[in-house]
Amino acid sequence: MKEYRVIEADKKNAEEIMNDMAQNGWEVVDVTYWTKWDVCLLITFVRERRNDLYD
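Report on the accompanying structure. (Residues numbered from 1 in each chain as written. Predicted model: local features only at pLDDT ≥ 70, side-chain atom pairs only at ≥ 80, totals over all residues. Heavy atoms only, no water.)

Attention now goes to the pattern of salt bridges. Under the defined criterion, the tally for this structure stands at two salt bridges. As a salt-bridge pair, Lys2 and Glu48 come within 2.6 Å of each other at their nearest N and O atoms. Taken together, the residues span a long stretch of sequence, with Lys2 in strand β1 (residues 2–9) and Glu48 in strand β3 (residues 39–48) at a distance of 46 residues. Among the salt bridges present, the one from Arg47 reaches Glu3, with a minimum N-O distance of 2.8 Å. Of this pair, Arg47 sits in strand β3 while Glu3 is found in strand β1, placing the two residues 44 residues apart along the sequence. On the basis of relative accessible area, Arg47 is assigned to the buried category, the value being 12%. With a relative accessible area of 12%, Glu3 lands in the buried category. (Salt bridge = Lys/Arg side-chain N within 4 Å of Asp/Glu carboxyl O. Helix = DSSP H or I, 4+ residues; strand = E, 2+ residues; numbered from the N terminus. Buried < 20%, exposed > 50% of the residue type's maximum accessible area, 1.4 Å probe, protein only.)

Take the sheet that holds β3 next. Backbone hydrogen bonds hold the strands of a sheet together, and the pairing may be parallel or antiparallel. Strand order in the open sheet made by the three strands is β1-β3-β2, with antiparallel pairing throughout. If you trace the sheet from one side to the other, it starts and ends with β1 and β2 (27–35), each paired once. Each neighbouring strand pair of the sheet contributes to a mean axis angle of 20°, computed without reference to strand direction. The pairing of β1 with β3 spans eight bridges and is classified as antiparallel. When the sheet's bridge partners are listed, Lys2 is paired in β3 with Glu48. (Pairing = 2+ DSSP bridges. Axes fitted to C-alpha atoms, helices over the stretch in contact; angles between N-to-C directions.)

What follows deals with the nonpolar core. Membership of the largest hydrophobic core is limited to nine residues, which are Ile7, Ala9, Ala14, Ile17, Met21, Trp26, Leu41, Ile43 and Phe45. If you list the elements that add at least two residues to this core, you get β1, α1 (14–23) and β3. Contacts of Ile7, omitting those with residues within four sequence positions, involve Ile17, Met21, Leu41, Leu42, Ile43 and Phe45. (Core = buried A, V, L, I, M, F, W, Y, C linked by side-chain atoms within 4.5 Å. Contact = heavy atoms within 4.5 Å.)

Counting buried positions along β3 gives seven out of 10 residues, so the element sits mostly inside the fold. Relative to β3, β2 is paired through eight bridges, and the arrangement is antiparallel. Considered in β3, the bridge of Glu27 is made with Val46. The antiparallel hairpin formed by β2 and β3 contains three residues in its connecting segment.

Right, here's the structure in full:
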């Protein structure tokens, strides 16, 4: 089973966030901009769910 996480970032720290998440086993599956009141970058990550966390 997979687990997902969506993180809001800006272009100044997006690469740092992606590298930090990769060190914890997360992979980027989608990147999109959201523009309603403010422009932000949404990064979606996925990894195999670690069952030991949920037992």
